[in-house]
Amino acid sequence: MARSKMPQRTPKSTRFAKGVPDRETLLKFIRESGETDKGAIARAFGLKGEDRRALRATLQALEADGTLGKRGRKGFAEAGALPEVGVADVVERTADGDLMVRLTRGEDAPLVPLAPGGDIKAGAPGMGDRLLVRFVKLESGETEAKLIKRLGQSAHRILGVVRKARREVRVEPVDRRSKDTLLLPQGEDVRDGDLVIAQVEPHGPRYGPKQGKLLEVVGREDEPRAFSIIAIHAHGIPTGFSEAAEAEAEAAQPPTLAGREDLRDIPLITIDPVDARDHDDAVYAQPDDDPKNPGGWVCWVAIADVAAYVRPGTELDRIARDKGNSVYFPDRVEPMLPERLSNGLCSLREGENRATLAVRMVFGADGRKRSHRFVRGLMRSAAKLSYEQAQAAIDGEPDDKTGPLMDTVLKPLWAAYACLKKGRDARSPLAIESAERKIAINREGEIAAITPRASLDAMKLIEEFMIQANVCAAEALEAKKTPLIYRIHDEPSPEKIQNLAEFLATLELPWTKGETTRTERFNRLLDETREGPHADIVNEVVLRTQMQAVYSTENIGHFGLNLGKYAHFTSPIRRYADLIVHRALVTTLGLGGDGLSDFDIREMKNTAEIITFAERRAMAAERDAMDRYVAAFLSDRVGAEFTGKITGVTRFGLFVRLAETGADGLVPVSRLGGEFFVHDDRSHALVGERTGARWPLGMMVDVRLVEATPLTGGLLFEMLSEPAPADASMPRPRLGVRGRGDRGPKRGPPKPANGRPPGIRTGRKKKMGGKRR
């Protein structure tokens, strides 16, 4: 790989003596400028007339011999030099899965590795994406690109589906943001409906469809599992494992008692989703027999000891760090670790000896933690239960498996949870409601059903036990001043709070500007409106007010959970953050020699950025795959009518979430009636300019499904309901941000150049619960 040179900017105060510069002086100026043009050089050296013509001749000579490269129409830079910030395309993926970028301007620009992490709000880049990046020179002398912003799909490579006609072969992009269709040569060995990665030929015709080159056939659009394949390739999800990593996993041996505490007599049980393949946490609780703690409880959380198998510096560790986390699709999982570990030796299987890193926690009768102790031990799960199975037993319907566990395991667990809930209620974490969906896939890979995901006390019990274990990990490491990766969640920004206050004012709900932002204040607002007509819209707006949680080596606490110290510890099978925390505990507490390495400590900040980036990438891929599966499920119901709720308001239309499936789609403003609509961002509504009729966020409406496009995940609706009447108490919004409704016969929704309707990604929510905390 070519090593690139990082320029240093010339101070504005620099002045040069007049006269045409010699070759070396000119190159030095260009090198230090990074990127410049003839006019800037002439001004810097005070050149006029004949001197400017001499400068032009010199620049042309330097360009001809390869010393300088073009930047745009008039710019120059030293060949191989990079600007401080530039626009680059993701053009290559190495055998190790690393992405390589190249400046969009200048064919002489070198390939530069894209650093994992970058701006966590930028989205997850993949092959063919166009990015705004900052080029940073490393201590080694090499240069890497750090992501600033994802600008979308570039014209370099696209993921698309082949459409064959008698005279042409087209590749239509599956990314609904892309407008480019490529023409492939007639001789390419592809079939109609193949999913392919194609590259734009740089010297194609100026007008009409761009010419493309076939790079790879990745699947078929009619395969039941095609939507996950599309999401994996579109978002650059690393897949599979190298032979070396698989060999390391296969060489792993079952654990022994050597150096471990025997916990096999403790009846720890796993409680997971019914379709869970790996089990990385087990729980147990019993009343505290300490007379100094009446009404208290001893709670155990045992976690798979992945650190015993994935050692620093190994191929398994390198790949796990690159992947960052497992990625879950409706029909498959792309695991962080090979199956030998993720579904084998690191999964807490019922009745089998397993290595564990466990924490014993003592709580008082008020639900507050009094002490904790970490143990590296050997355990044997007493039972594998599903959430539904455990909940049914507690609700009075035990089965053959849960019946014998009722008095010794399940009832104590629920009693301990009732105690912990007192502490949780006193802490008052955010209580935002977020509807989730579950897609059931049959054996043929087709969608059998889409149903709301139940919210059971069994799930809340496991969540609270896991939160407390995570707190213990952070407290134990911070007390010893051990470097660690925190899970942090910042409080809402002043701008977001201001927007919230202005919106609440439109509903005549008070929010004192300037008051301290606290979770209990949000919860009080949610409680006050929960039974009223504005419950859904207030919940939605409060959700959008929150920031995103990230990984960081700098602790600012977790606002959503209302905790000062928090670190992920409970899912090392599927999150690299937890593995780092495990290693830190092993080192700090003297639990073995396989703790943090020098590399782990030195690169911890970078690791936090990498895994935050990987989490965003996984979430985007999961969301896109869900969109496509839902669109496929609804594709044979075009023309059907549904009830839904307005979950998004923009100047170009309304986003509606269906009550039946939770699917989201767009009602273009062109289908809202016979007048202009103004987007009132203060009240989150579209308002009729003539009548004042309103389409507000949270309104229940009836819609008709007009179009479902599985390949892009887009759903298009037509509005059947009437808008809410004008509200005299509502001030009319300012004119200027208009959405045009129909005037006369319906002309249909506006469509982008590629002929597909705009859509929306499903599941717009922020998870504040479950195992992804």
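Keep in mind that what you see is a predicted model, and the values were worked out from it rather than measured.

*Asks:* Tell me about the overall build of the chain, and please be specific about residues and values.
*Replies:* Looking only at helices and strands, one finds 16 helices and 35 strands in the chain. Buried residues in the chain amount to 53% of all 773 residues. Summed over all atoms, the accessible surface of the chain reaches about 34500 Å², with 48% contributed by carbon and sulfur.

*Asks:* Before we move on, could you go through the packing of helix H2 (residues 38-45) against helix H3 (residues 50-64) and cite the residues and values that matter?
*Replies:* Axes are the key here: two packed helices are described by the angle between their axes and the distance separating the axes. As a packed pair, H2 and H3 sit with axes 11 Å apart at the nearest point and diverge in direction by 130 degrees. Taken together, the axis directions place H2 and H3 in an arrangement best described as oblique. Where H2 crosses over H3, the handedness of that crossing is right-handed. Taking contact as the criterion, the partners of Lys-38, Gly-39, Ile-41 and Ala-42 in H2 are, on H3, Arg-52, Leu-55, Arg-56 and Leu-59. When its residues are assigned to classes, the contact of H2 with H3 shows 4 nonpolar, 1 polar and 3 charged.

*Asks:* Could you give an account of the nonpolar core, naming the residues involved and the relevant values?
*Replies:* Ranked by size, the top nonpolar core spans 91 residues in total, and within it Leu-341, Phe-465 and Phe-569 carry the most contacts. With 11 residues, helix H10 (residues 457-479) is the largest single contributor of residues to this core. Excluding residues that lie within four positions of it along the chain, Phe-465 makes contacts with Val-283, Tyr-284, Ala-285, Cys-299, Trp-300, Val-301, Met-361, Leu-413, Ala-416, Tyr-417 and Leu-420. Counting 59 residues, the second largest nonpolar core, distinct from the first, contains Val-161, Leu-195, Val-542 and Phe-559.

*Asks:* Go over the pairing of strand E24 (residues 447-452) with me, naming the residues and quoting the values.
*Replies:* Bridge analysis of strand E23 (residues 437-441) against E24 gives 5 bridges, and the strand direction is antiparallel. Residue Ala-440 lies in a different strand from E24, and its bridge partner there is Ala-449. The turn joining E23 and E24, which pair antiparallel and follow one another in sequence, is formed by 5 residues; a positive phi near 85 degrees is taken by Gly-445.

*Asks:* An account of the packing of aromatic side chains is requested, with residue identities and associated values reported.
*Replies:* Under the counting rule described, the total for this entry stands at 5 aromatic pairs. Ring plane angle 85 degrees and centroid distance 5.5 Å describe the contact between Phe-374 and Phe-569, whose orientation is recorded as edge-to-face. In this pair, Phe-374 sits in strand E21 (residues 369-380) while Phe-569 sits in the loop between strand E26 (550-552) and helix H14 (576-588), placing the two residues 195 residues apart along the sequence. A residue is classified by how much of its surface remains accessible, and Phe-374, at 10% relative accessible area, is buried. Residues Trp-511 and Phe-522 carry aromatic rings whose centres are separated by 5.3 Å and whose planes lie at 40 degrees to one another, so their mutual orientation is tilted. On the criterion of sequence distance, the pair formed by Trp-511 in the loop between helix H11 (494-506) and helix H12 (519-529) and Phe-522 in helix H12 is long-range, its members being 11 residues apart. Neither residue differs from the other here; Trp-511 and Phe-522 are each classed as buried. Three or more aromatic residues joined by ring pairs make a cluster, and in this case those are Trp-511, Phe-522 and Phe-559. In this arrangement the basic side chain of Lys-323 is found over the ring face of Phe-241, its NZ or CZ atom lying 3.9 Å from the centre.

*Asks:* Could you give an account of unusual backbone geometry, naming the residues involved and the relevant values?
*Replies:* With phi around 60 degrees, Glu-508 is a residue other than glycine that occupies positive phi space. By the element assignment, Glu-508 lies in the loop between H11 and H12. Accessibility expressed as a relative area gives 68% for Glu-508, which makes it exposed. Although it is not a glycine, Asn-562 sits at a positive phi angle of roughly 55 degrees.

*Asks:* Residues and numbers for helix H6 (residues 315-323), please.
*Replies:* The buried count for H6 comes to 8 of 9 residues, which makes it a mostly enclosed element. Of the residues making up H6, those classed as buried are Glu-315, Leu-316, Asp-317, Ile-319, Ala-320, Arg-321, Asp-322 and Lys-323. Where H6 ends, the next residue or the one after it, Gly-324, has phi of about 80 degrees, a positive value.

*Asks:* Describe the confidence of the model for the chain, with residues and values.
*Replies:* Where the model shows low pLDDT, its predicted coordinates should not be examined in detail. Overall, the prediction assigns the chain a mean pLDDT of 84, with 84% of residues at 70 or greater. In the predicted structure, residues 734-773 sits below a pLDDT of 50 and forms 139 contacts with residues beyond four places in sequence or in another chain.

*Asks:* Break down the packing of H11 against helix H13 (residues 535-545) for me, citing the residues and quoting the values.
*Replies:* For the pair H11 and H13, interaxial distance at closest approach is 9 Å and the crossing angle is 165 degrees. Here H11 lies roughly antiparallel to H13, going by the angle between them. Along this stretch, H11 crosses H13, giving a crossing that reads as right-handed. Residues Lys-496, Ile-497, Leu-500, Phe-503 and Leu-504 of H11 touch H13, and the partners they reach there are Ile-537, Val-538, Val-541, Val-542, Arg-544 and Thr-545. Class assignment of the residues belonging to the contact of H11 with H13 gives a composition of 8 nonpolar, 1 polar and 2 charged.

What counts, and at which threshold
Residues numbered from 1 in each chain as written. Predicted model: local features only at pLDDT ≥ 70, side-chain atom pairs only at ≥ 80, totals over all residues. Heavy atoms only, no water. Helix = DSSP H or I, 4+ residues; strand = E, 2+ residues; numbered from the N terminus. Buried < 20%, exposed > 50% of the residue type's maximum accessible area, 1.4 Å probe, protein only. Areas by Shrake-Rupley, 256 points an atom, 1.4 Å probe, with all protein chains shown as cover. Axes fitted to C-alpha atoms, helices over the stretch in contact; angles between N-to-C directions. Parallel < 35°, antiparallel > 145°, perpendicular 65-115°, else oblique. Left-handed = near helix turned anticlockwise from the far one by under 90°. Contact = heavy atoms within 4.5 Å. Nonpolar A, V, L, I, M, F, W, Y, C, P; charged D, E, K, R; others polar. Core = buried A, V, L, I, M, F, W, Y, C linked by side-chain atoms within 4.5 Å. Pairing = 2+ DSSP bridges. Phe/Tyr/Trp six-rings, centres within 6.5 Å; stacked < 30°, edge-to-face > 60°. Lys NZ or Arg CZ within 6 Å of the ring centre and 35° of its normal. pLDDT = per-residue confidence, 0-100.

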